[in-house]
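# Overview (structure and organization)
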Amino acid sequence: MSRRSGAKPRNRAGAGAPALGLRARLRRVPIEGWLCAAVACLSAASWSFVTPPFQLTDEPDHFAYAQQLARSGVLPDPAGPPFSGEEAVALEDLRFFDVRQRASAHTIATRAQQRRLQSDLVRAERLRQRETLSAGVAQSQPPLYYALAAVPYTLAASGTLLDRLQLMRLLSALMA
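Residues numbered from 1 in each chain as written. Predicted model: local features only at pLDDT ≥ 70, side-chain atom pairs only at ≥ 80, totals over all residues. Heavy atoms only, no water.

The next point concerns the environment of Leu 42. Tracing the chain through its elements places Leu 42 in helix α2 (residues 31-50). Taking the C-alpha atoms as reference points, Leu 42 and Leu 170, 128 residues apart in sequence, are found 9.7 Å from one another. (Helix = DSSP H or I, 4+ residues; strand = E, 2+ residues; numbered from the N terminus.)

This is the structure:
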């Protein structure tokens, strides 16, 4: 076979070809991969509904970090309080400090406790202060995840603190 002069030889490996676009790359993922991702996302989302609020290791600190970024755009300050007044009310009503110290203790279980929690959260939301939080153990973490978590926090601004926490958990499920 002869080549025409000036014609560039074709590379079968595709070198020199434009990179595949995002849509083309996503189409190349096998259906099994999409099914696995969907099951994982549904599993994580289900977990976010079943697990009581703030009953995960360091979840109050991570929430405080995202709350700090969403409210002020400033990183946590080690000298600040660990939680906002609103989060402190939620932790108290959910019996967080009792539950995490004793396996036999339980979080709220009655309708009266639930009504009290909702009422206290609405009241605490009205008294929201612009304090700079310390965010506890999460403070030493880089801010990218928390900046992303600030988006659902802000989107649920008209809801209670627990609504914002749930949307943040769903973002984490999607990211997982």
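Now that the structure has been shown, the text picks up again.
Looking now at the environment of Thr 160. Considering the arrangement of structural elements, one finds Thr 160 in the loop between α7 (144-155) and α8 (161-175). A residue is classified by how much of its surface remains accessible, and Thr 160, at 12% relative accessible area, is buried. In this view, Thr 160 contacts Gln 118 and Leu 121; residues no more than four positions away in its chain are not counted. (Buried < 20%, exposed > 50% of the residue type's maximum accessible area, 1.4 Å probe, protein only. Contact = heavy atoms within 4.5 Å.)

A word on the packing of aromatic side chains. In the structure shown here, the tally under the stated rule is five aromatic pairs. A centroid spacing of 5.2 Å and a plane angle of 80° characterise the contact between Tyr 145 and Tyr 146, whose relative ring orientation is edge-to-face. The exposure class assigned to Tyr 145 is partly exposed, which follows from its relative accessible area of 32%. The ring of Trp 47 has Arg 169 sitting right over it, with the charged end atom 5.3 Å from the ring centre. (Phe/Tyr/Trp six-rings, centres within 6.5 Å; stacked < 30°, edge-to-face > 60°. Lys NZ or Arg CZ within 6 Å of the ring centre and 35° of its normal.)

Let us now look at the layout of surface pockets. As a volume, the largest pocket reaches approximately 210 Å³. Taken together, Trp 47, Leu 56, Thr 57, Glu 59, His 62, Phe 63, Tyr 145, Tyr 146, Leu 165, Met 168, Arg 169 and Ser 172 make up the lining of the largest pocket. For the lining of the largest pocket, the secondary-structure elements that each account for two or more residues are α3 (59-72), α7 and α8. For the lining of the largest pocket, the element with the most residues is α8, which contributes four residues. For the lining of the largest pocket, the per-class residue count stands at seven nonpolar, three polar and two charged. (1 Å grid on protein atoms, 1.4 Å probe; cavity = no way out; pocket = protein on both sides within 12 Å on 5 of 7 lines; lining within 4 Å. Points joined across faces, edges and corners; volume = space filled by probe spheres on them. Nonpolar A, V, L, I, M, F, W, Y, C, P; charged D, E, K, R; others polar.)

Of all hydrophobic cores here, the largest spans 24 residues; its most connected members are Phe 54, Phe 63, Leu 161 and Leu 162. Listing elements by their share of this core, those giving two or more residues are α3, α4 (85-93), α6 (111-126), α7 and α8. Here this core gets five residues from one element, more than from any other, and that element is α3. (Core = buried A, V, L, I, M, F, W, Y, C linked by side-chain atoms within 4.5 Å.)

The general pattern is negative phi for most residues beyond glycine and trans for most peptide bonds. Positioned with a positive phi, Phe 54 is a non-glycine residue whose angle comes to about 65°. Within the fold, Phe 54 resides in the loop between α2 and α3. Take Phe 54: its relative accessible area is 0%, and that puts it in the buried class. Residue Arg 95 is not a glycine yet carries a positive backbone phi of 60°.

Where α3 meets α8, the closest approach of the two axes is 11 Å, and the angle between their N-to-C directions is 95°. Taken together, the axes of α3 and α8 lie roughly perpendicular to each other. Of α8, the residues touching α3 (which contributes Glu 59, Phe 63, Ala 66 and Gln 67) are Leu 161, Arg 164, Leu 165, Met 168 and Arg 169. (Axes fitted to C-alpha atoms, helices over the stretch in contact; angles between N-to-C directions. Parallel < 35°, antiparallel > 145°, perpendicular 65-115°, else oblique.)

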